[in-house]
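Given next are the chains, with one letter for each unit.
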Protein chains: 2
Amino acid sequence: MQPPIELINYLKQNDDFSLIIHVNPDGDALGSMLGLGEALKSMGKRVTMYSRDGLPHHSQFLPHCETIIHGIPIEDKTTNLILIDCNESKRAGIEGIGYIKRIVVDHHLTEGDFGDIKWVVPSAAASGVLIYHIIKALGVEISLDIATNIYTAIAVDTGTFRYSNTKADTFDIAADLVRSGASPSYIAEQMYNKWSVERFNLLIKFLNSVEIYGDIAITCLTKEMIASTGAGPHDTEDIVNFSGMLESVKTSVFLKEADKDFWRGSIRSTKINAAEVAAKFGGGGHKNAAGFKATSEISQLKKDLLKYLTQE
Amino acid sequence: MQPPIELINYLKQNDDFSLIIHVNPDGDALGSMLGLGEALKSMGKRVTMYSRDGLPHHSQFLPHCETIIHGIPIEDKTTNLILIDCNESKRAGIEGIGYIKRIVVDHHLTEGDFGDIKWVVPSAAASGVLIYHIIKALGVEISLDIATNIYTAIAVDTGTFRYSNTKADTFDIAADLVRSGASPSYIAEQMYNKWSVERFNLLIKFLNSVEIYGDIAITCLTKEMIASTGAGPHDTEDIVNFSGMLESVKTSVFLKEADKDFWRGSIRSTKINAAEVAAKFGGGGHKNAAGFKATSEISQLKKDLLKYLTQE
């Protein structure tokens, strides 16, 4: 995988860069930005890094993360923007701000035409993969800190090499990053074993809410469950995936309380048409994954859901 | 990493092999045996594979696992033994059985002198790593099925690349196995998302039993919890590790009911001397990990434990 020569030349020939990632950043966004930022700094360039929403608790081990400005830049036409892990200004909260040039490095499907120099590769497992190739093309040596940041980026977006985006070249890059000092076990420890007691208690409440009817699982997360455990907004991430461990479950519905008797539902299925069930509640989506919003008392909502799910 | 030339020559020059693994086999033992077995068969050799304790439920996706004989061989001095993922006959349940030659391939610390040709490498992440190098040295092409078996062996013993035994060469091998057809996501799905409802319910009961006192967690698994969920003997594996997710916990004690008011305890700590606490209950071990047995009513046992744990 080779970055566009125009991108590499522009990075080499210019000296001032503002790096920005998407709102609610994850480890791929943060690790990618920090890895590229460190590489550009080592070339003597002025680099400023921004994250509108700061860093979630479990990303605070990333080397040099304390240099990230929590916020968005003010109008500044003396710097070049590098938008990482997203490809629209809105996703970074920086609509309407001017720059010399706007560079985009991302692995999500591109939708708009934002960016003067773009490298968007949806088949890449992580933005970290693209940043790795950029750093190699720049001829910068991968330091321990760069390796740790990029390894984390890739580990987060592949579920430490468990998701279907994990390819042979993902492992080639991981091997190289480990040779540059990245520690797989240290990083995994930071990613997975740093749960707060509040989040842990929310997981227990969530698991206790799982209801199984044959190959259907219905789970829910209420405002009361979140409030009573003292969990924060990031703490619901990943928790819903736990019901996916069950071999017998082909269809799962997750209900999240948005307001009193108002629920956001998401349906995932490998058996029935999720979109058709979601449509009964005025929602929609795809065959395997769909969503809806419903105003209903919870036990009635579950009854209605079960009726439609077993009819399909 | 190069296998001993004596081992490779012996495998090439002989035609009849009985492959055996340790009792209560895990994915490393099974995947390693199946990978080597398939490679030797492709060279035209007679191969018989044995597992005294059969296969756990979550290993039954391994290619050709149906060819494994559930049991131990009878006395047979016309075959060569290959003992995999252990290095003592007792660990495989085959004490006193005679063979032409006894070959040992293992990554555990060797204790006895069993074996005529041995390749024991404690620094290897998995026996699968050694089998990979043997197959390469034999000059056998790695088929999809061999790749799936060996990838699984390595994935199991490294926690899919999360444990500290994961090195750069582990990723090199993973990359090569993926190029030979192994699917990281399919294998991870089989390893982690095939929980039975019974096992899932046991996990919920276990998590509900977690008691946290500052940086101490006490967890327990009673016979009643196992019986009421209908969980089987393999179902307690991994479950105890869930309390390790907590960032604030430095010391954790797991109590498993062996009989009425009789408990097997294990203490893990990064803060206190686990061996000293275990010694108070007549047990012992290391600074970071120790064990004991205690005859006591559970609430009294927890009180006593907390007293010693907070004194240390």
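Scroll up a little and you will see the structure.
Criteria and cut-off values
- Residues numbered from 1 in each chain as written.
- Chains lettered and ligands numbered in written order.
- Predicted model: local features only at pLDDT ≥ 70, side-chain atom pairs only at ≥ 80, totals over all residues.
- Heavy atoms only, no water.
- Helix = DSSP H or I, 4+ residues; strand = E, 2+ residues; numbered from the N terminus.
- Rg over C-alpha atoms; globule rule 2.2 N^0.38 Å.
- Buried < 20%, exposed > 50% of the residue type's maximum accessible area, 1.4 Å probe, protein only.
- Contact = heavy atoms within 4.5 Å.
- Salt bridge = Lys/Arg side-chain N within 4 Å of Asp/Glu carboxyl O.
- Least-squares fit on C-alpha atoms with pLDDT ≥ 70 in both.
- Pairing = 2+ DSSP bridges.
- Axes fitted to C-alpha atoms, helices over the stretch in contact; angles between N-to-C directions.
- Disulfide = S-S within 2.5 Å.
- Buried area = accessible area lost by both parts, 1.4 Å probe.
- Phe/Tyr/Trp six-rings, centres within 6.5 Å; stacked < 30°, edge-to-face > 60°.
- Lys NZ or Arg CZ within 6 Å of the ring centre and 35° of its normal.
- Arc of directions from axis to C-beta.
- Parallel < 35°, antiparallel > 145°, perpendicular 65-115°, else oblique.
- Left-handed = near helix turned anticlockwise from the far one by under 90°.
- Nonpolar A, V, L, I, M, F, W, Y, C, P; charged D, E, K, R; others polar.

1. What to know about the overall build of chain A
1) Next: Each helix and strand counted, chain A has 11 helices and 12 strands in total.
2) Next: The C-alpha radius of gyration of chain A comes to 22 Å, within 12% of the 20 Å expected for a compact globule of 312 residues.
3) Next: Across its three principal directions, the C-alpha atoms of chain A cover 65 × 40 × 35 Å.
4) Next: Looking at chain A residue by residue over its 312 residues, the buried ones come to 55%.
5) Next: Long-range contacts, defined as pairs at least 24 residues apart, comprise 59% of the intrachain contacts of chain A with a sequence gap of at least 6.

2. What about the pattern of salt bridges?
1) Next: Applying the stated criterion to the full structure yields 20 salt bridges over all chains.
2) Next: Here Asp16 of chain A ties to Arg46 of chain A by a salt bridge, and the two come within 2.8 Å at their closest N and O atoms. Here Arg46 of chain A lies in strand E2 (residues 46-51) and Asp16 of chain A lies in strand E1 (residues 16-21), a separation of 30 residues in the sequence.
3) Next: Owing to a relative accessible area of 17%, Asp16 of chain A belongs among the buried residues under this scheme.
4) Next: Given the relative accessible area of 55%, Arg46 of chain A is considered exposed.
5) Next: Notably, a salt bridge pairs Asp235 of chain B with Arg199 of chain B, separated by 4.0 Å at the nearest N-O pair. With Asp235 of chain B in the loop between helix H9 (223-229) and strand E9 (251-259) and Arg199 of chain B in helix H8 (residues 197-208), this pair connects stretches of sequence that are 36 residues apart. Each of the two residues, Asp235 of chain B as well as Arg199 of chain B, counts as buried.

3. Notes on the relation of the copies chain A and chain B
1) Next: For the pair chain A and chain B, the relating rotation is 180°, the translation along its axis is 0.0 Å, and the fit reaches an RMSD of 0.1 Å. Here the symmetry operator amounts to a two-fold rotation axis. Judged by C-alpha distance, Phe171 of chain A is the residue of chain A that lies nearest the rotation axis, at 2.6 Å.
2) Next: Here 100% of the interface residues in chain A have copies in chain B that are interface residues too; the copies meet face to matching face.

4. Observations concerning the sheet that holds strand E6 (residues 117-120) of chain B
Residues and elements named next belong to chain B.
1) Next: Judged by pairing direction, the sheet is parallel, and its six strands sit side by side in the order E3-E2-E1-E4-E5-E6 without closing on themselves. The outermost strands of the open sheet, each flanked by one partner alone, are strand E3 (69-70) and E6.
2) Next: As defined by bridge partners, strand E5 (residues 102-106) adjoins E6 across four bridges and the pair is classed as parallel. From the neighbouring strand, Ile103 faces E6, where its bridge partner is Ile117.
3) Next: Strands strand E4 (80-84), E5 and E6 of the sheet are contacted by helix H4 (residues 127-138), whose axis makes an angle of about 120° with E5.

5. Here's the deal with the state of the cysteines
All names here are of chain A.
1) Next: The tally for this structure, following the rule as stated, stands at zero disulfides over all chains.
2) Next: Sulfur of Cys86: no disulfide; nearest cysteine sulfur belongs to Cys65 and is 19 Å away.
3) Next: Judged by its relative accessible area of 3%, Cys86 falls in the buried class.

6. Regarding the interface of chain A and chain B
1) Next: Taken together, the 41 residues of chain A in the interface contact 41 residues of chain B.
2) Next: Summed over both sides, the interface between chain A and chain B buries roughly 3,500 Å², with carbon and sulfur atoms accounting for 65% of that surface.
3) Next: Counting the contacts that link chain A with chain B gives two salt bridges.
4) Next: In this structure, the salt-bridge partner of Arg179 of chain B is Asp172 of chain A, at a minimum N-O distance of 2.5 Å.

7. A look at the packing of aromatic side chains
1) Next: A complete count under the given rule lists 21 aromatic pairs over all chains for this structure.
2) Next: Ring geometry for Phe61 of chain B versus Tyr186 of chain B: centroids 6.0 Å apart, planes at 80°, classification edge-to-face. On the criterion of sequence distance, the pair formed by Phe61 of chain B in the loop between strand E2 (46-51) and E3 and Tyr186 of chain B in helix H7 (residues 184-192) is long-range, its members being 125 residues apart.
3) Next: Exposure remark for Tyr186 of chain B: the relative accessible area of 41% places this residue in the partly exposed category.
4) Next: Both rings, one in Phe161 of chain B and one in Phe171 of chain B, keep their centres 5.3 Å apart while their planes meet at 25°; by these two values the pair is stacked. Taken as a pair, Phe161 of chain B in the loop between helix H5 (144-158) and helix H6 (168-179) and Phe171 of chain B in helix H6 lie far apart in primary sequence, 10 residues in all.
5) Next: A relative accessible area of 1% places Phe161 of chain B in the buried class.
6) Next: Within the aromatic cluster, the residues linked to one another by ring pairs are Tyr151, Phe161 and Phe171 of chain A together with Tyr151, Phe161 and Phe171 of chain B.
7) Next: The side chain of Arg102 of chain A reaches across the aromatic face of Phe114 of chain A, ending 4.7 Å from its centre.

8. Things to note about the environment of Ile82 of chain B
Residues and elements named next belong to chain B.
1) Next: Of note, Ile82 is situated in strand E4.
2) Next: On the accessibility criterion, Ile82 (1% relative accessible area) is buried.
3) Next: When the C-alpha positions of Ile82 and Ile21 are compared, they lie 8.5 Å apart, and in sequence the two are 61 residues distant.
4) Next: When near neighbours in sequence (up to four residues on either side) are disregarded, Ile82 contacts Leu11, Phe17, Ser18, Leu19, Ile20, Leu36, Leu40, Ile103 and Val105.

9. Description of H7 of chain B
1) Next: Looking at H7 of chain B, one finds that the buried residues are Pro184, Ile187, Ala188, Gln190 and Met191 of chain B. What you see down the axis of H7 of chain B is that its buried residues fit within an arc of 160°, all on one side.
2) Next: Packed against the buried residues of H7 of chain B are helix H6 (168-179) of chain A together with H5 and H6 of chain B.

10. Regarding the packing of H5 of chain B against H7 of chain B
All names here are of chain B.
1) Next: As a packed pair, H5 and H7 sit with axes 10 Å apart at the nearest point and diverge in direction by 55°. Between H5 and H7, the interaxial angle falls into the category oblique. Crossing geometry of H5 relative to H7 is assigned as right-handed. Across from Thr148, Tyr151, Thr152, Ala155 and Val156 in H5, the residues of H7 making contact are Pro184, Ile187, Met191 and Tyr192.

11. Considerations on the sheet that holds strand E12 (residues 289-295) of chain B
All names here are of chain B.
1) Next: Pairing in this open sheet of six strands is mixed, and the strands run E7-E8-E9-E10-E12-E11 from one edge to the other. On the outer flanks of this sheet lie strand E7 (211-213) and strand E11 (284-285), each paired with one strand and no other.
2) Next: Relative to E12, strand E10 (residues 262-269) runs antiparallel, the two being bridged by seven bridges. The residue bridging Phe262 from the neighbouring strand is Thr295, located in E12.

12. Section: the packing of helix H2 (residues 27-42) of chain A against helix H5 (residues 144-158) of chain A
Residue and element names in this part refer to chain A.
1) Next: Here H2 crosses H5 at 155°, and the two axes come no closer than 7 Å. Relative to H5, the element H2 is oriented roughly antiparallel. Here H2 and H5 pass one another in a crossing that is left-handed. On H5, the residues that touch Gly27, Asp28, Gly31, Ser32, Leu34, Gly35, Glu38 and Ala39 of H2 are Ile146, Asn149, Ile150, Ala153, Val156 and Asp157.
2) Next: Taken together, the residues of the contact of H2 with H5 break down into six nonpolar, five polar and three charged.

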